[in-house]
Amino acid sequence: MDKEIFLKAAKEFGTPLYLYDLRVIKKRLEMVERTLKNVEHKIFFAFKSNSNPHLLEFVKSLGFGADVVSMNEYKMAKLVGFSPSNIVVNGNGKITDELKVYARDGVGCVNVDSSEEIQRFPDLSARIAIRINPDVDAKTHPYISTGLKKNKFGVNMESASAIIRSLPSNLKLVGIHSHIGSQITDISTFVDAFKSLKSFIDKESLKLEFVNIGGGWGIDYSHKGEGLNLQDYQEKVVPILKSFGVPIHLELGRFIVGPAGYLVTRVLELKRTTSKNFVIVDTSMSDLIRPSLYGAHHHIEFFPDGSEEIVADVVGRVCETGDTLGKNRKIFKPEIGDLGVIYNVGAYGYAMSSNYNLSLRPAEVAFDGRNLKLIRRRETLEDIVKLCDFSKNSKQ
Ligand code: LLP
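Calculation notes
Note that residues are indexed from 1 along each chain, following the sequence as it is written. At least 70 in pLDDT is required for a residue's local features to be given in this predicted model, at least 80 for side-chain atom pairs to be given and counted, and no such filter applies to totals for whole chains, interfaces and linings, which use all residues. The side-chain quantities take in all heavy atoms of the structure and omit both hydrogens and water. Helix numbers and strand numbers start at the N terminus; a helix is a DSSP run of H or I with at least 4 residues, a strand a run of E with at least 2. In this treatment the radius of gyration is a C-alpha quantity, and the globule benchmark scales as 2.2 Å times the residue count to the 0.38 power. Pairs of residues are marked as contacts when any of their non-hydrogen atoms sit within 4.5 Å. Residue burial considers only the protein chains on display, and all accessible areas are found by Shrake-Rupley using a 1.4 Å probe. Residues scored as charged are limited to Lys and Arg (positive) and Asp and Glu (negative), so that His and the chain ends carry no count. By convention, the point assigned to a charge is CZ for Arg, NZ for Lys, CD for Glu and CG for Asp. Domain extents, as shown, originate in an automatic or database domain assignment. The definition of a polar contact used here is a pair of N or O atoms within 3.5 Å, where within protein one atom must be able to donate a hydrogen and the other to accept one, and adjacent residues in sequence count solely through side-chain atom pairs. Residues are grouped as follows: nonpolar covers Ala, Val, Leu, Ile, Met, Phe, Trp, Tyr, Cys and Pro; charged covers Asp, Glu, Lys and Arg; every other residue, Gly included, is treated as polar. Exposure is judged per residue with a 1.4 Å probe applied to protein chains only, and the accessible area is read against the type maximum: over 50% gives exposed, under 20% gives buried, and values in between give partly exposed. We count a salt bridge whenever a side-chain nitrogen from Lys or Arg sits within 4 Å of a carboxyl oxygen from Asp or Glu. Ring pairs shown here join Phe, Tyr and Trp side chains whose ring centres sit within 6.5 Å, with only the six-membered ring taken for Trp; geometry is labelled stacked below 30 degrees between planes, edge-to-face above 60, and tilted in between. Cation placement over rings: the criterion is NZ of Lys or CZ of Arg within 6 Å of the ring centroid and within 35° of the ring normal. To estimate how far a helix should extend, the number of its residues minus one is multiplied by 1.5 Å. Proximity is defined per residue: if any heavy atom of the residue lies within 4 Å of a molecule or strand, that residue is considered near it. Think of a nonpolar core as a cluster: buried Ala, Val, Leu, Ile, Met, Phe, Trp, Tyr and Cys residues, connected wherever their side-chain atoms sit within 4.5 Å.

Caption draft 1: Representation of the overall build of the chain. Scanning the chain from N- to C-terminus turns up twelve helices and 17 strands. What you see for the chain is a C-alpha radius of gyration of 23 Å, in line with the 21 Å of a compact globule of 396 residues. Principal-axis analysis of the C-alpha atoms gives the chain an extent of 65 × 60 × 40 Å. Of the contacts formed within the chain by residues at least 6 apart in sequence, a portion of 69% connects residues at least 24 apart. When the accessible area of the chain is evaluated, it comes to approximately 18200 Å², of which 50% is carbon and sulfur surface. Between the centroid of the 53 positive side chains of the chain and the centroid of its 48 negative side chains there is a distance of 1 Å.

This is the structure:
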C-alpha cells in the first residue's frame, strides 16, 4: 500500500484507523486457488477473523461460503446475504435452541463438537460433520492450537467411531471436519493431521460428500518470509487432500484478510528513559491485543521526514505494562504527529478490540485501489453510555 494512501486516510478519517485493501483480499484468494488448483475445493470465510458486514459482503462477492461460530455470526451471515446452505457452523458449546435454528434453516453443515452435542440435537433432520481432534501439535502459540487431545475442541478417533455407530437417523453425516490450529507454518503438521484423517475415513469406510480441513494457514507477520510455504503445501499436502476422493472444504480467515489490514496510528510522544526509548502512539492493546495476548509480532513502520534510526518499544497509553505493540524495534525516529502503520492486522485485529480504559474503537475504512470508503464509523463515548441507559438526569 502506498504511503500516500495512509496519509490521505488518516487526514480524512483520523487515527487510529483500520484500513483494508480489498485488492489484497482478492490476491490472497487467488493465491489459495492456485495452491489448490489440483483438488476440488470450496472455501468458507472464517467470520471470527473479521466480521465487518461490508467486508463480509465483499468476501461473499468473491464466492466464499461463511464459517460461523455463534448465533450472532450466523445472523450476520444471513444479513449479508449468505444462504443457510452456504454456511458452516462451528464451535463448542452450541446451545440446543441454536441447533434447532440451524436444523430448521437447513444450514450446509453443523460441525459437531462432542457426543453430548449429538445427544442434545433436536429431533429434526440436519447435515452434520464430526470435528475430529487428531492429537497433532500444530506448533503454533498454545492459545491458538486446537488439535491436541488436551484441547477443548472436537472428539478423538475412538469417540468419533462411537458417534458414527450410534448416529440418530435424523442426522446425516456428510463430512469429517478438523481444524488443528491457527497461524500454522509447519507443513508437517498438516501432513500428519490429514494422513490420520484419511486413515480414519478408510477404516470406517465412510461415504462422505466432503472433508473439511478447517483453516490455519500462517502469514508472514515479521516480513521476513515466515508465512506458510504454498509451494510446499502444493507438493506435500495437496496429494493427501486429493487422496480423499471428495471435495475439500476449507475455513480460512487470517490468510485471506490478515495481510489486507493496516492499523494507522499517530505518534503522541517520544519518551526516553535511562534504559529505553518509547514511541507512544494513539493506538493500543485495546485496538490490537495480539502482541499483548500472544506476544505476536506485527511489523511496524513510521513515516518521518528524517532518516535517523533508533531502537524503541512502540507502546500505547493503556495502563498496562503489557500494552506494547512492538518491542525493541529498529525504526526511523519519528516526531510527534508522524504517522505509523502496524501491518497484518486485518484478521483478529478489530474483531478482538475492546473498550479497555474506555478506549473507543477505531473507524474502519476500505480501499479498492481508487476510493477510500468508511465502512464503520469511529465509536463515541455516547455509544457506550447508551448501552448503560445512564444519564445524569436519570439520577435526579
Ligand atoms: N475454523 C475453525 C474451526 C477455527 O476455530 C478457526 C480459528 C478457523 C477456522 C480460522 O482459522 P484461520 O484461518 O484464521 O487461522 N485470535 C487468534 C486466532 C484464533 C483462531 C481461532 N480459530 C489470533 O489472533 O491469532
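So much for the structure itself; the text now carries on.
Caption draft 2: Layout of the domain arrangement of the chain. According to the domain assignment, the chain contains domain 1 (36–252) and domain 2 (259–385). With centres defined by C-alpha atoms, the gap from domain 1 to domain 2 works out at 32 Å. Contact with domain 1, which involves 15 residues of that partner, is made by 17 residues of domain 2. Remark: the boundary between domain 1 and domain 2 carries six residue pairs in polar contact (both at pLDDT 80 or more). Across the side of domain 1 that touches domain 2, the residue classes break down as five nonpolar, eight polar and two charged.

Caption draft 3: Focus on the environment of Lys207. Note that Lys207 resides in the loop between helix 8 (187–203) and strand 8 (210–212). Overall, Lys207 belongs to the exposed group, its relative accessible area being 74%. Linking Lys207 and Asp113, residues 94 residues apart in sequence, is a C-alpha distance of 20 Å.

Caption draft 4: Representation of the side chain of Arg329 within the structure. Relative to the helices and strands, Arg329 is located in strand 14 (residues 324–332). The buried charged residue Arg329 lacks any salt bridge partner; its closest oppositely charged side chain belongs to Asp313, at an N-O distance of 7.5 Å. Beyond its immediate sequence surroundings of up to four residues, Arg329 is in contact with His297, His298, His299, Ile300, Ile310, Val311 and Ala312.

Caption draft 5: Quick peek at the packing of aromatic side chains. Scanning the entire structure with this criterion turns up 13 aromatic pairs. Ring geometry for Phe47 against Phe82: centres 5.7 Å apart, planes inclined by 65°, an arrangement best described as edge-to-face. Here the residue Phe47 occupies a position in the loop between strand 2 (41–46) and helix 3 (53–61), and Phe82 occupies one in the loop between helix 4 (71–80) and strand 4 (87–89), the gap between them amounting to 35 residues. Note on Phe47: relative accessible area 1%, which makes it buried. Seen from their ring centres, Trp217 and Phe255 are 5.3 Å apart, and the 70° between their planes marks the pair as edge-to-face. A residue pair is termed long-range when its members are at least 10 positions apart, and Trp217 in the loop between strand 8 and helix 9 (230–243) and Phe255 in helix 10 (residues 254–257) qualify at 38 residues. Residue class for Trp217 comes out buried when judged on its relative accessible area of 2%. Ring-pair connections join several aromatic residues into one group, and the members of that group are Phe190, Phe194, Trp217, Tyr233 and Phe255. One residue, Arg28, lies across the ring of Phe255, its end atom 4.0 Å from the ring centre. Geometry around Phe44 places Lys42 over its ring, the cationic atom sitting 5.1 Å from the centre.

Caption draft 6: A look at helix 8. Spanning 17 residues, helix 8 covers 24 Å between terminal C-alpha atoms, matching the ideal 24 Å at 1.5 Å per step. Considered for burial, the residues of helix 8 that qualify are Ile187, Thr189, Phe190, Val191, Ala193, Phe194, Leu197, Phe200 and Ile201. Downstream of helix 8 by a residue or two, Ser205 has a phi angle that is positive, lying close to 45°.

Caption draft 7: Region of interest: the site of the ligand. Neighbouring the ligand are 18 residues, the closest being Ser182, Glu251, Arg290, Tyr294 and Tyr348. In the environment of the ligand, an oxygen atom lies 2.6 Å from a nitrogen or oxygen atom belonging to the side chain of Arg290. One of the side-chain nitrogen or oxygen atoms of Tyr348 is found 2.6 Å away from an oxygen atom of the ligand. The two domains that each donate at least three residues to the shell around the ligand are domain 1 (36–252) and domain 2 (259–385).

Caption draft 8: Examining the nonpolar core more closely. Core analysis: the largest hydrophobic core is formed by 118 residues, its most contacted members being Leu19, Phe194, Trp217, Tyr233 and Leu241. If one sorts the elements of this core by residue count, helix 8 sits on top with eight residues. The two domains that each donate at least three residues to this core are domain 1 (36–252) and domain 2 (259–385). Here Tyr233 is in contact with Thr35, Leu36, Ile187, Phe190, Phe194, Ile213, Trp217, Leu228, Val238 and Leu241, once residues within four sequence places are set aside. With six residues, the next largest nonpolar core counts Val88, Cys109, Val174 and Phe210 among its residues.

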